[in-house]
Each structure stands twice: as structure tokens, then as C-alpha cells.
Amino acid sequence: MNVTDRIEQAPACQVINLTEAEKDIYTGAGWKLARFVDGQLVGFFDPMETECQDDAQAMVAEATENATAWLASLEGEAWLVMCSSYQLCEPWRVTLTDASALARMARVFGEQLSDF
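Residues numbered from 1 in each chain as written. Predicted model: local features only at pLDDT ≥ 70, side-chain atom pairs only at ≥ 80, totals over all residues. Heavy atoms only, no water.

Participant: Could you clarify how one ought to interpret helix 4 (residues 99–114) in this entry?
Facilitator: For an α-helix, 3.6 residues make a turn, and residues three or four places apart therefore share a direction. The first and last C-alpha atoms of helix 4 sit 22 Å apart over 16 residues, in line with the 22 Å expected at 1.5 Å per residue. Inspection of helix 4 places A101, M105, V108, F109, G110, Q112 and L113 among the buried residues, and these make up the whole buried set. Summarising the contacts, the buried residues of helix 4 are in contact with strand 3 (30–37), strand 4 (40–45), helix 3 (56–72), strand 5 (77–84) and strand 6 (87–94). (Helix = DSSP H or I, 4+ residues; strand = E, 2+ residues; numbered from the N terminus. Expected span 1.5 Å × (residues − 1). Buried < 20%, exposed > 50% of the residue type's maximum accessible area, 1.4 Å probe, protein only. Contact = heavy atoms within 4.5 Å.)

Participant: Help me understand the packing of aromatic side chains in this model?
Facilitator: Aromatic rings considered in pairs are described by the distance between their centres and by the relative angle of their planes. Evaluated as defined, the whole model comprises three aromatic pairs. Judged by centre distance (6.0 Å) and plane angle (45°), the ring pair of F45 and W70 falls under tilted. Residue F45 is located in strand 4, and its partner W70 is located in helix 3; the two are separated by 25 residues in the primary sequence. Aromatic pair F45 and F109: ring centres 6.1 Å apart, planes at 35°, arrangement tilted. Of the two residues, F45 sits in strand 4 while F109 sits in helix 4, which places them 64 residues apart along the sequence. Just as F45 is buried, F109 falls in that class too. Among the aromatic residues, those joined into a ring-pair cluster are F45, W70 and F109. Here the basic side chain of K32 rests over the ring of Y26, its NZ or CZ set 5.9 Å away from the ring centre. (Phe/Tyr/Trp six-rings, centres within 6.5 Å; stacked < 30°, edge-to-face > 60°. Lys NZ or Arg CZ within 6 Å of the ring centre and 35° of its normal.)

Participant: Just checking my understanding: could you explain the side chain of Q112 for this structure?
Facilitator: Residue position: Q112 is located in helix 4. The buried category is assigned to Q112, whose relative accessible area is 14%. Those residues in contact with Q112 that lie beyond four places of it in its chain are G30, W31, P47 and M48.

Participant: Looking at this model, I keep getting lost on the pairing of strand 4. Mind explaining?
Facilitator: Looking along a regular strand, one sees side chains alternate from face to face of the sheet. In the sheet, strand 3 pairs with strand 4 via five bridges, with the strands oriented antiparallel. Among the inter-strand pairings, V37 is bridged to a residue of strand 4, identified as Q40. In this antiparallel pair of consecutive strands, strand 3 and strand 4, the connection spans two residues, and D38 shows a positive phi of 50°. (Pairing = 2+ DSSP bridges.)

Participant: Got a minute to help me understand helix 3 in this structure?
Facilitator: Look at helix 3: 24 Å from first C-alpha to last across 17 residues, which is about the 24 Å you get at 1.5 Å a residue. The set of residues buried in helix 3 consists of M59, V60, A63, T64, A67, W70 and L71. Projected down its long axis, helix 3 carries its buried residues within an arc of 135°, all on one side. Helix 3 presents Q57, E65 and A72 as exposed residues on the side facing more than 90 degrees away from its buried surface. (Arc of directions from axis to C-beta.)

Participant: I keep staring at the side chain of D46 and nothing clicks. Help me out?
Facilitator: Secondary-structure assignment places D46 in the loop between strand 4 and helix 3. A distance of 2.9 Å separates a polar side-chain atom of D46 from the backbone nitrogen of M48. Other than its neighbours up to four places away in sequence, D46 contacts W31 and K32. (Polar contact = N/O pair within 3.5 Å; in protein donor to acceptor, adjacent residues only side chain to side chain.)

Participant: I would appreciate a short explanation of the sheet that holds strand 5 in the present structure.
Facilitator: Within a sheet, each strand pairs with its neighbour through backbone hydrogen bonds, oriented either parallel or antiparallel. The strand order 1-2-6-5-3-4 describes an open sheet built from six strands, whose pairing is antiparallel. Only two strands of the sheet have a single neighbouring strand rather than two, namely strand 1 (7–9) and strand 4. Taking each pair of neighbouring strands and ignoring which way they run, the sheet shows an average axis angle of 45°. Sheet topology places strand 2 (residues 14–17) next to strand 6; three bridges connect them, and they run antiparallel. For N17, the partnering residue across the bridge sits in strand 6 and is Q87. Contacts from helix 4 reach strand 3, strand 4, strand 5 and strand 6, with the element oriented near 140° to strand 3. (Axes fitted to C-alpha atoms, helices over the stretch in contact; angles between N-to-C directions.)

What follows is the structure, given as C-alpha cells:
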């Protein structure tokens, strides 16, 4: 199964609905990188796990560096998603060779961490 085959159009945006087994992996709402192997969710990178710092820009840079390292060691596919309930909303494929996807990831992580 491919991740793209799981993407559905909901009323507000595209979503990936989690299976019962994947719900055990779900860790709460927010922007995250979701890791899929053979179309199945196997884990997340959560930028909110970045150590809190007084300098928001340094915190965003650290989260982005950690996400890039996570992507480099990745087996399977990574997708930038907004986790909401048991849906992964607005899925966007992220690879180390796609500059626009990396920029999008950095932007949404920056916005999320700045609100923290």
C-alpha cells in the first residue's frame, strides 16, 4: 500500500485516517513528521519535543536540524502532517532533496514553536 492511496478529501482538507493499530502510535495534536513504511504509520518526529529555549529562533533552528537528521536516518516515507484527532491533515511528502518541502516544514515548525 502507498501513502498516497490513503489520502482522502475531507470537507476541509485532505486527510489520512488512522487505522486502529496506528491510533496506538498517535501522540496528540500539532504539526509533525509522520513516518510510513509500506503505507503504514510507524512513528512521528514532534518538533514540540525540542528543548525549550529563551531564543525562539534558536529553538526553531534546533528543531529543523533534528528533523533533518531524522529524515536522513529514515526508512520509508516522511510526510508533514497536522495531527488532529485520529486524522493526519494536509499531508505533504518531505524528502531531503525537495527544497520546497523542507522550507514548508521549517515554516510550519517555526510557526508552531513561536506560539509555544
